[in-house]
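Commentary on secondary and tertiary structure
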Amino acid sequence: LAAGALCLAAVLLMRLDHLPLLHIPGLRSIFPQQCELSGGRLMSKEELSAYDGGPGSAGIYLAVLGQVFDVHKGSKHYGPGGSYSFFAGKDASRAYVTGDFTEKGLVDDVTELSPLQMLHLQNWLSFYQQNYIILGKLTGRFYDESGNPTKALEDALKVIDTGLKLKEEREEENKQFPPCNSEWSSDSKRVWCSKNSGGIHRDWVGVPRKMYVAGTDGYRCVCVRNFGPSSEQPDSTEHNDRGDLDNPLLHEYEDCNPLFEWCFLKNGT
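- The protein chain goes by Neuferricin in an unreviewed UniProt entry, where it is assigned to Xenopus laevis.
- Under Function (unreviewed entry), UniProt gives the following word-for-word description of the protein chain: "Heme-binding protein which promotes neuronal but not astrocyte differentiation."

1. Observations concerning the nonpolar core
- Formed by 27 residues in total, the largest nonpolar core has its most connected members in Leu62, Val64, Leu65, Val71, Val110, Leu121 and Tyr128.
- Counting only elements with at least two residues in this core, the list comes to strand S2 (61-64), helix H5 (95-98), helix H6 (115-131) and helix H7 (151-176).
- Of the residues forming this core, the biggest block, five residues, is contributed by H6.
- With residues near it in sequence (within four places) discarded, valine 71 still touches Ile60, Leu62, Tyr78, Tyr128 and Tyr132.

2. Observations concerning the pattern of salt bridges
- Overall, the coordinates contain twelve salt bridges when judged by the stated rule.
- Put simply, arginine 220 and glutamate 173 hold a salt bridge, and the shortest N to O gap is 2.5 Å. Here arginine 220, found in strand S8 (residues 219-224), pairs with glutamate 173, found in helix H7; they are 47 residues apart in sequence, far enough to count as distant.
- Glutamate 173 gets classed as partly exposed once you look at its relative accessible area, which sits at 27%.
- A salt bridge links aspartate 246 to arginine 242; its shortest N-O distance comes to 3.0 Å.
- When salt bridges with common partners are traced through the structure, they connect Lys45, Asp108, Asp109 and Arg141 into a single cluster.

3. Let's talk about the sheet that holds strand S6 (residues 188-192)
- If you walk across this open sheet you meet the three strands as S5-S6-S10, and the pairing is antiparallel. Taken across any chain shown, the strands that pair with only one partner, and hence form the sheet edges, are strand S5 (181-184) and strand S10 (262-266). Neighbour to neighbour, the strand axes of the sheet diverge by 20° on average, direction disregarded.
- Both S5 and S6 contribute to a ladder of four bridges, which runs antiparallel. The residue of S6 that forms the bridge with asparagine 181 is tryptophan 192.

4. A short note on the environment of asparagine 257
- Tracing the sequence through the fold places asparagine 257 in the loop between strand S9 (250-251) and S10.
- On the basis of relative accessibility, which here comes to 35%, the residue asparagine 257 falls in the partly exposed class.
- In sequence terms asparagine 257 and valine 207 are 50 residues apart; their C-alpha atoms lie 9.7 Å from each other.
- A distance of 2.9 Å separates a polar side-chain atom of asparagine 257 from the backbone nitrogen of leucine 259.

5. Overview of the packing of aromatic side chains
- By the definition in use, this model includes 21 aromatic pairs.
- Geometrically, the ring pair formed by phenylalanine 86 and phenylalanine 101 is stacked, given 4.4 Å between the ring centres and 20° between the ring planes. With a gap of 15 residues between them, phenylalanine 86 in the loop between helix H4 (75-78) and H5 and phenylalanine 101 in the loop between H5 and H6 connect regions that are remote in the sequence.
- Of the residues examined, phenylalanine 86 reaches a relative accessible area of 22% and is grouped as partly exposed.
- When its relative accessible area of 38% is taken as the criterion, phenylalanine 101 is described as partly exposed.

6. A word on the sheet that holds S2
- Pairing is mixed in the open sheet, where four strands are placed in the order S1-S4-S3-S2. Edge positions in the sheet fall to strand S1 (41-43) and S2, since each of these pairs with one other strand and no more. Averaged over all adjacent pairs, the angle separating strand axes in this sheet is 40°, with direction ignored.
- Pairing analysis gives three bridges linking S1 to strand S4 (residues 133-138), with the strands arranged parallel. Across the sheet, residue leucine 42 finds its bridge partner in S4, namely lysine 137.

7. Notes on the state of the cysteines
- Counted according to the given criterion, the structure contains three disulfides.
- Between the sulfur atoms of cysteine 193 and its disulfide mate cysteine 223 the distance is 2.2 Å. As the torsion about the S-S bond is roughly -105°, the cysteine 193-cysteine 223 disulfide counts as left-handed. Remark: cysteine 223 occurs in strand S8 and cysteine 193 occurs in the loop between S6 and strand S7 (207-212); sequence separation between them is 30 residues. Across the pair, cysteine 223 and cysteine 193 agree in class, each one buried.
- The disulfide partner of cysteine 256 is cysteine 263, and the S-S distance across this bridge is 1.7 Å. Disulfide cysteine 256-cysteine 263: torsion about the S-S bond near 55°, hence right-handed. As far as the burial class goes, cysteine 256 and cysteine 263 line up, both buried.

Conventions used here
- Residues numbered from 1 in each chain as written.
- Predicted model: local features only at pLDDT ≥ 70, side-chain atom pairs only at ≥ 80, totals over all residues.
- Heavy atoms only, no water.
- UniProt positions renumbered as here; feature names shortened; annotations may be inferred.
- Core = buried A, V, L, I, M, F, W, Y, C linked by side-chain atoms within 4.5 Å.
- Buried < 20%, exposed > 50% of the residue type's maximum accessible area, 1.4 Å probe, protein only.
- Helix = DSSP H or I, 4+ residues; strand = E, 2+ residues; numbered from the N terminus.
- Contact = heavy atoms within 4.5 Å.
- Salt bridge = Lys/Arg side-chain N within 4 Å of Asp/Glu carboxyl O.
- Pairing = 2+ DSSP bridges.
- Axes fitted to C-alpha atoms, helices over the stretch in contact; angles between N-to-C directions.
- Polar contact = N/O pair within 3.5 Å; in protein donor to acceptor, adjacent residues only side chain to side chain.
- Phe/Tyr/Trp six-rings, centres within 6.5 Å; stacked < 30°, edge-to-face > 60°.
- Disulfide = S-S within 2.5 Å.

Below you can see the structure in the form of structure tokens.
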């Protein structure tokens, strides 16, 4: 009964915009289940803006994809003068990915972000979920006045799911075509392959090649196995012993010996 009374008081205080009793040291650890808030608190943008850590502010809150977090324990980062103070009192989901910390960039509009960018944003969301107290939801773009997910949130989650699939595909691709090692100097760039380049451990070294992204002019340096059958036909006994060198997305670096495990690129290109 005592636990229930304390947590009821905490809920009422949260509804009245005061610091929640859940911040009292030890309360959550003593009554973890009793103090769990179903659905959490609903806040408007105007209410959230009052929690920026400035004079007269009752705390420091921020939101990511409409989820509101109490980041007071990180006040040295999120409070006035802190390196991340521009995130306080708002949902600036877009800026976590773009790095645009201007007023124009500190917004919750993520409609133009790519799947991999949205996956990066999801990582930030997971960070806050694991390290800070979740207070509730921000009404507006991602949740309606009743706290239900909006189409904008559903669309964002679909893009994140696409990002997860692309990441899995890239991981599989990296096993076949590991990234090269690289280093720069003032006038050149060196790329080379090793049995651990790209963080992919294997029993072969390979040779560096340009791997173009289908449908674009962009490419990345990858290490290509240059012996045995191709990865597409690993069990073939009839092959030209060139490994994956004949993949149509691969191109040799100009002015570099195609058989060497390293290559110096002029002017860093």
